[in-house]
Protein chains: 2
Amino acid sequence: MYGHHHHTSQSQYRGHSPAPGYAPPPAGYGGSPMERARSYRGPPPGADPQLWQWFSSVDTDRSGAITANELQSALVNGNWTNFDLDTVKMLMNIFDTDRSGTIGFNEFAGLWKYISDWQGVFAHFDRDRSGSIDGHELANALGSFGYNLQPQILSLIEQKYASPPTGNYGPAPGITFDRFVRACIVVKTLTESFQRADTDRDGWIQISYDDFMKMVLMSP
Amino acid sequence: MYGHHHHTSQSQYRGHSPAPGYAPPPAGYGGSPMERARSYRGPPPGADPQLWQWFSSVDTDRSGAITANELQSALVNGNWTNFDLDTVKMLMNIFDTDRSGTIGFNEFAGLWKYISDWQGVFAHFDRDRSGSIDGHELANALGSFGYNLQPQILSLIEQKYASPPTGNYGPAPGITFDRFVRACIVVKTLTESFQRADTDRDGWIQISYDDFMKMVLMSP
C-alpha cells in the first residue's frame, strides 16, 4: 500500500558532486583581525582540520556555535539561490541534538556529512545535470528510496517543491537541492507517521482532528 | 471538535497598517527608457490608476504579466526579509485564476486587496507592534478566526512558522507577515479538508495512505 524506506547506503554516491550547496563566506569576514584573534577558539583535540575550517567559516561571528541565520547565509543551491528558511530549520532540528538552538562543532560534523551525502544523491538523480530535479527524476529518486507513489501524488510533490519558471534570468524551473532534500524528508516523515498509526498494516488509519493536525504540523 | 472558520470581515482591519509587506522597486528599474517606451502598454479602460502604478512597478520587465520571481522581488516583510517562495507560490495559486502561470492586471487587483486585508489583520493581532507574531498573538488570531486549537497544536504552528532568534542583527524571532499568512491558510486548508472527509461530523476520519498524502500535499 505504501513503500518502506529501504535505508540506502548513500555513501555510494559520494564524490559525484563538485560540492554545490555550499559556498564559504568571503575571506576576512567576521570582524577585524583583532576581534577574531580575541574570540578565536582552537579546534577540540583530534578534530578534523578541514571540518574545523568549514565550521569556522560558517560561524561568522566566531561565537563557537552556528545560528540558523549563519547556516542560511552559508548554504546555497547550485544556482546560487539560498536555502529556504524551512529547510534550514529542518536541518537545525535534526542536528541540534542538545537543543541549544545552535549547532556546535560536534553537531556540525553530522550536519556536514548529511549535506554531503544528499549532494551525492542529488547529483546521482539529476540525470540531465540541469542542476534541478524534474518530475521524472523525482519519481526515480523516491522510487529508489522505496516509495511507490501514485502519479497524482508525485505530481503534487513536484508542484509543491519546484521553483516556478522564470524569464531569461533567475533559477531554472524544477526542484533545487534544498527543496529536493525537504521534499524527500517530508515524504519520509509523513509515511512513517502514517505507518505508526496504521497498526494493523492495512493502509488505512482512523484519526482524530487533533492527531491529524499534529501529524501534519510535525512534518518539515 | 474543531472550530469552524467564521468568515471574518477583514475590511474592519483596513487602514491599521502603514503598508509593510510591499516595497516598490527602485525608480528606473526594468530596462532603458527606450525599451520601456517600446513595450509599454497603458492601463485597461476604467483601471484604478494607483493600482496600475503598483502593477507596473512589480512587472519589472514590462511584459504585462507578473511572474512568481517578480512577485517575490516586490514583496517584503516589515523587517525587510523577502517572502518565502512557498508563500509566493501559494499567492500565485490563489490568484492566477486563468492558470497562465503569471498574474495579469485583473488578477493583480484581487491579489493586492488580499495582501492589504492580511496586512490589516497582521497589524491588528501584532498587539505589541513588534513586527512579528508571537505565540500568544497567534493563539488570539487563530481563535478569532474560529479555530479552537489545543495548546500543543498552537505550539507546533508557532515552532514551524517562526523565524529563529538571531544575534544582534537580522529579523526578530517570531512569525513574520508572510509566514503568518501561510500558517493561517495552512490551518484553514487542513481543517476544511478534514471536515470534508468527516462526513458524520464526529471529529474522526478513516483515510487511506494515498488520500492522506494528497490531503497534506495539497495544502500550502
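Along each chain, residue indices are assigned from 1 in the same order as the chain's sequence is written. The order in which chains are written sets their letters, starting at A; the order in which ligands are written sets their numbers, starting at 1. Predicted model: local features are reported for residues with pLDDT of at least 70 only, side-chain atom pairs are reported and counted for 80 or more only, and whole-chain, interface and lining totals are derived from all residues. Derived side-chain values reflect all non-hydrogen atoms in the structure, with water molecules and hydrogen atoms excluded from consideration.

### Thoughts on the packing of helix H5 (residues 105-125) of chain B against helix H8 (residues 177-197) of chain B
All names here are of chain B.
Part 1 of the argument: The contact between H5 and H8 brings their axes to 10 Å, and the two run at 95°. Looking at the two axes, H5 sits roughly perpendicular to H8. Here Tyr114, Ile115, Trp118, Gln119, Val121 and Phe122 of H5 lie close against H8, whose contacting residues are Phe177, Phe180, Val181, Cys184 and Ile185.
Part 2 of the argument: Considered class by class, the residues forming the contact of H5 with H8 number 10 nonpolar, 1 polar and no charged. In this analysis, axes come from line fits to C-alpha atoms, helices being fitted only over the stretch in contact, and the angle between any two N-to-C directions falls in the range 0 to 180 degrees. Elements are defined by DSSP. Helices are runs of H or I of four residues or more, strands are runs of E of two residues or more, and each kind is numbered from the N terminus. Any angle that falls under 35 degrees is termed roughly parallel, while one over 145 is termed roughly antiparallel, one within 65 to 115 roughly perpendicular, and all others oblique. Residues are treated as being in contact if the distance between any of their heavy atoms lies within 4.5 Å. Residue type decides the class: Asp, Glu, Lys and Arg count as charged, Ala, Val, Leu, Ile, Met, Phe, Trp, Tyr, Cys and Pro as nonpolar, and the leftover types, Gly among them, as polar.

### Brief notes about the interface of chain A and chain B
Part 1 of the argument: At the interface, 48 residues of chain A touch 48 residues of chain B.
Part 2 of the argument: By definition, the buried area sums, over both parts, the 1.4 Å-probe accessible area that each loses when the two are put together. Considering only the side of chain A, the residues that lose the most area to chain B are A:Tyr209, A:Phe212 and A:Leu217, jointly responsible for 17% of the buried surface there.
Part 3 of the argument: We define a salt bridge as a side-chain nitrogen of Lys or Arg found within 4 Å of a carboxyl oxygen belonging to Asp or Glu. Applying the counting rule to chain A against chain B returns 4 salt bridges.
Part 4 of the argument: Nitrogen and oxygen atoms within 3.5 Å of one another constitute a polar contact, given that in protein one can donate a hydrogen and the other can accept it, and given that sequence-neighbouring residues count only through two side-chain atoms. On inspection of chain A and its partner chain B, the count reaches 26 residue pairs in polar contact (both at pLDDT 80 or more).
Part 5 of the argument: For the side of chain A that touches chain B, the secondary-structure elements that each account for two or more residues are helix H3 (68-74), helix H4 (85-95), helix H7 (151-161), helix H8 (177-197), strand S1 (204-208) and helix H9 (209-217) of chain A.
Part 6 of the argument: Classifying every residue of the side of chain A that touches chain B gives 27 nonpolar, 12 polar and 9 charged.

### Structural notes on H7(A)
Part 1 of the argument: Accessibility here uses a 1.4 Å probe with only protein chains present; expressed as a share of the type maximum, an area under 20% marks a residue as buried, one over 50% as exposed, and anything in between as partly exposed. Of the residues making up H7(A), those classed as buried are A:Ile153, A:Leu154, A:Leu156, A:Ile157, A:Lys160 and A:Tyr161. All buried residues of H7(A) fall inside an arc of 160° around its axis, so they share one side. Residues of H7(A) that are exposed and angled more than 90 degrees away from the buried face: A:Pro151 and A:Gln159.
Part 2 of the argument: If you follow the buried residues of H7(A), they end up packed against helix H6 (135-144) and H8 of chain A together with helix H4 (85-95) and helix H9 (209-217) of chain B. This arc corresponds to the set of directions leading from the helix axis out to the C-beta atoms.

### Concerning the relation of the copies chain A and chain B
Part 1 of the argument: Taken as rigid bodies, chain A and chain B are interconverted by a rotation of 180° and an axial shift of 0.0 Å, the fit giving an RMSD of 0.0 Å. The operation mapping one copy onto its partner corresponds to a two-fold rotation axis. Minimal C-alpha separation from the rotation axis in chain A is found for A:Gln206, amounting to 2.1 Å.
Part 2 of the argument: The overlap is high: 100% of the interface residues of chain A also sit at the interface in chain B, so the same surface is used on both sides. Only residues with pLDDT of at least 70 in both copies count here: their C-alpha atoms drive the least-squares fit that superposes the copies.

### Focus: the UniProt feature "domain: EF-hand" (unreviewed entry) in chain A
Residues and elements named next belong to chain A.
Part 1 of the argument: UniProt positions are given in the numbering used here, feature names are shortened, and annotations may be inferred rather than shown by experiment. In the numbering adopted here, UniProt assigns the feature "domain: EF-hand" (unreviewed entry) to residues 46-81, 113-148 and 185-220.
Part 2 of the argument: Between the end C-alpha atoms of residues 46-81 there is a gap of 35 Å, over a span that is 47% helix and 0% strand.
Part 3 of the argument: With 61% helix and 14% strand, residues 185-220 has its two end C-alpha atoms placed 7 Å apart.

### Some points on the packing of helix H2 (residues 49-58) of chain B against H5(B)
All names here are of chain B.
Part 1 of the argument: Orientation of H2 relative to H5, taken along the N-to-C sense of each, is 105°, at an axis distance of 10 Å. Judged on the interaxial angle alone, H5 and H2 are roughly perpendicular. From H2, Leu51, Trp52, Trp54, Phe55 and Val58 reach across to H5, where they touch Phe105, Phe108, Ala109 and Trp112.
Part 2 of the argument: Looking at the contact of H2 with H5 residue by residue, the class counts come to 9 nonpolar, no polar and no charged.

### Concerning the pattern of salt bridges
Part 1 of the argument: Scanning all chains against the criterion turns up 14 salt bridges over all chains.
Part 2 of the argument: With a closest N to O distance of 3.0 Å, A:Arg182 and A:Asp84 form a salt bridge. Pair noted here: A:Arg182 is in helix H8 and A:Asp84 is in the loop between H3 and H4, with a separation of 98 residues, a long-range link. Each member of the pair, A:Arg182 as well as A:Asp84, carries the same accessibility label: buried.
Part 3 of the argument: Taken together, the shared-partner salt bridges connect A:Asp84, A:Arg179, A:Arg182 and B:Asp86 into one network.

### Things to note about the environment of B:Arg129
All names here are of chain B.
Part 1 of the argument: Tracing the backbone through its elements, the reader meets arginine 129 in the loop between H5 and helix H6 (135-144).
Part 2 of the argument: Residue classification places arginine 129 among the exposed positions, given a relative accessible area of 75%.
Part 3 of the argument: A C-alpha to C-alpha distance of 31 Å links arginine 129 and proline 49, two positions 80 residues apart in sequence.

### Concerning the packing of aromatic side chains
Part 1 of the argument: To pair, rings of Phe, Tyr and Trp, with the six-membered ring standing in for Trp, must have centres within 6.5 Å; the planes then decide the type, stacked if under 30 degrees apart, edge-to-face if over 60, and tilted in the middle. On inspection of all chains with the given rule, the structure shows 33 aromatic pairs over all chains.
Part 2 of the argument: When the centroid spacing of 5.9 Å and the interplanar angle of 85° are considered together, the rings of A:Trp118 and A:Phe180 count as edge-to-face. You can see A:Trp118 sitting in helix H5 (residues 105-125) and its partner A:Phe180 sitting in helix H8, a full 62 residues away along the chain.
Part 3 of the argument: A:Trp118 sits in the buried class, given a relative accessible area of 6%.
Part 4 of the argument: A ring pair is formed by B:Phe55 and B:Phe105, whose centres lie 5.4 Å apart and whose planes are at 80°; its orientation type is edge-to-face. Of this pair, B:Phe55 sits in helix H2 while B:Phe105 sits in helix H5, placing them 50 residues apart in sequence. In this structure, B:Phe55 and B:Phe105 share a single accessibility class: buried.

### Some points on the environment of A:Phe95
Residue and element names in this part refer to chain A.
Part 1 of the argument: Its location among the elements puts phenylalanine 95 in helix H4.
Part 2 of the argument: Distance in space between the C-alpha atoms of phenylalanine 95 and tyrosine 114 is 9.5 Å, their sequence separation being 19 residues.
Part 3 of the argument: With residues up to four places along the chain from it excluded, the contact list for phenylalanine 95 reads Ile103, Glu107, Gly110, Leu111 and Tyr114.

### Quick word on the side chain of B:Glu107
Residue and element names in this part refer to chain B.
Part 1 of the argument: Take glutamate 107: it is sitting in helix H5.
Part 2 of the argument: The buried charged residue glutamate 107 lacks any salt bridge partner; its closest oppositely charged side chain belongs to arginine 99, at an N-O distance of 8.0 Å.
Part 3 of the argument: For glutamate 107, the contacting residues outside a window of four places in its chain are Phe95, Asp96, Thr97, Asp98 and Thr102. When charges are counted, Lys and Arg contribute as positive and Asp and Glu as negative, whereas His and the chain ends are disregarded.

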